[in-house]
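Close look at the chain arrangement
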Amino acid sequence: DAKAECLNTAENVTLFDQSCFAKFRLDGRDALVILNQVSANQMDVPVGKVVYTQWLNDRGGIEADVTITRLSETSFLIVTIVGSQTRDFNWLRRSIPDDAHAFLTDISSGLPMLALMGPRSRELLEKVTGADLSNESMPFGTSRMIDIGYAPVRVNRLTYVGELGYELFIEADFAQHVFDVLVEAGAEFGLQHGGFFAINSMRMEKGYRHWGHDIGEEDTPLQAGLGFAVDWQKPDFRGRDALLRAREAGMPTRRLVQ
């Protein structure tokens, strides 16, 4: 049950299937400029960096809550919740100028996503990959390609449950193989399977937000406790003026707390 899954995630390692998360790619020489205009956080980061950010409306309200990985100088991977897949895709599509060199693609169905979470997740991944996943080699919020079995896998060091964790993005034709490799090797580390009730319980305990439940288009990052995900030094992004006015006025008038 969810309680047992939470306990195992805190003590060993749990495997979650998060393939339903929506995944988009934005490619092109104008991709960075476009993402910086719609994202509250700074997107001009080194290749292999993962950024947590919100997309805001003109009132400073949160239209989307996403993670964005810089794949190259001109390519980005955007991950959002399945409930916002069509909404977020179209929000970004409408933000691309007609004359921009940028190409938005929904790659959700071709890129399953597994997540290994728990204090022994690093041990398990290092065993099946032979890669150095130490804090020095792969700090939080970074991304790299690693081979698992005979499959090339993009690994993002992130967590939505509060424990050490990794998100694994796998091409669809390799997904079953990677799953089998992880399950077979995971027996040594106490691997168990977890579901979304467990994820929801743990993310609420840690104070991680969920768009559509805790936050929405009427809440600003200041009201949601997400001011840390705003780059106040960026000269121009949608919703910035409204956020600055709110901050200067002593807002928020309400604040989400756990």
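Here's a quick rundown of the structure.

Examining the packing of helix H4 (residues 121-129) against helix H5 (residues 175-186)
Running from N to C, H4 and H5 cross one another at 115°; their axes reach a closest spacing of 10 Å. The two elements H4 and H5 meet at a crossing, and its hand is right-handed. Contacts between H4 and H5 involve Leu-124, Leu-125 and Val-128 on the former and, on the latter, Val-181, Leu-182, Ala-185 and Gly-186. Taken together, the residues that form the contact of H4 with H5 break down as six nonpolar, one polar and no charged.

Description of the sheet that holds strand S2 (residues 22-27)
Taken together, five strands build an open sheet; the order of strands is S3-S4-S5-S2-S6 and the sheet is antiparallel. The open sheet has two edge strands with one neighbour each: strand S3 (50-56) and strand S6 (103-106). Across the sheet, the mean angle from the axis of one strand to that of its neighbour is 30°, orientation sign disregarded. Note: strand S4 (residues 62-70) against strand S5 (residues 75-80), four bridges, orientation antiparallel. Bridge assignment links Ile-68 to a residue of S5, and that residue is Ile-78. Against the sheet, helix H3 (residues 85-94) touches S2, S3, S4, S5 and S6, its axis set at about 175° to S6.

Focus: the side chain of Thr-142
Position of Thr-142 relative to the elements: it lies in the loop between H4 and strand S8 (143-148). Within polar-contact distance, the side chain of Thr-142 engages the backbone oxygen of Pro-139 at 2.6 Å. With residues up to four places along the chain from it excluded, the contact list for Thr-142 reads Gly-48, Val-50, Val-155, Asn-156 and Arg-157.

Observations concerning helix H2 (residues 31-38)
Within H2, six of the eight residues are buried, which leaves it mostly tucked inside the rest of the structure. Regarding H2, the residues found buried are Ala-31, Leu-32, Ile-34, Leu-35, Asn-36 and Val-38. Among the structural elements, S2, S3, S4, S5 and H3 are those in contact with the buried residues of H2.

Digging into the pattern of salt bridges
Inspection of every chain in the model, using the stated rule, returns nine salt bridges. Two residues, Arg-25 and Asp-27, come together in a salt bridge whose shortest N-O distance is 2.6 Å. Of the residues examined, Arg-25 reaches a relative accessible area of 29% and is grouped as partly exposed. For Asp-27, a relative accessible area of 17% translates into the label buried. A salt bridge links Glu-217 to Arg-87; the shortest N-O distance between them is 4.0 Å. Placement of the pair is Glu-217 in the loop between helix H6 (196-206) and helix H7 (221-224) and Arg-87 in helix H3, with a sequence separation of 130 residues. Among the charged side chains, a network of salt bridges with common partners joins Asp-44, Arg-70 and Glu-73.

Some remarks on the nonpolar core
Ranked by internal contacts, the top residues of the largest apolar core, which has 27 residues, are Leu-116, Leu-125, Leu-168 and Leu-182. For this core, the secondary-structure elements that each account for two or more residues are strand S1 (13-17), strand S7 (113-117), H4, S8, strand S9 (151-156), strand S10 (165-170) and H5. The leading source of residues in this core is H5, at five residues.

Rules behind the numbers
Residues numbered from 1 in each chain as written. Predicted model: local features only at pLDDT ≥ 70, side-chain atom pairs only at ≥ 80, totals over all residues. Heavy atoms only, no water. Axes fitted to C-alpha atoms, helices over the stretch in contact; angles between N-to-C directions. Helix = DSSP H or I, 4+ residues; strand = E, 2+ residues; numbered from the N terminus. Left-handed = near helix turned anticlockwise from the far one by under 90°. Contact = heavy atoms within 4.5 Å. Nonpolar A, V, L, I, M, F, W, Y, C, P; charged D, E, K, R; others polar. Pairing = 2+ DSSP bridges. Polar contact = N/O pair within 3.5 Å; in protein donor to acceptor, adjacent residues only side chain to side chain. Buried < 20%, exposed > 50% of the residue type's maximum accessible area, 1.4 Å probe, protein only. Salt bridge = Lys/Arg side-chain N within 4 Å of Asp/Glu carboxyl O. Core = buried A, V, L, I, M, F, W, Y, C linked by side-chain atoms within 4.5 Å.

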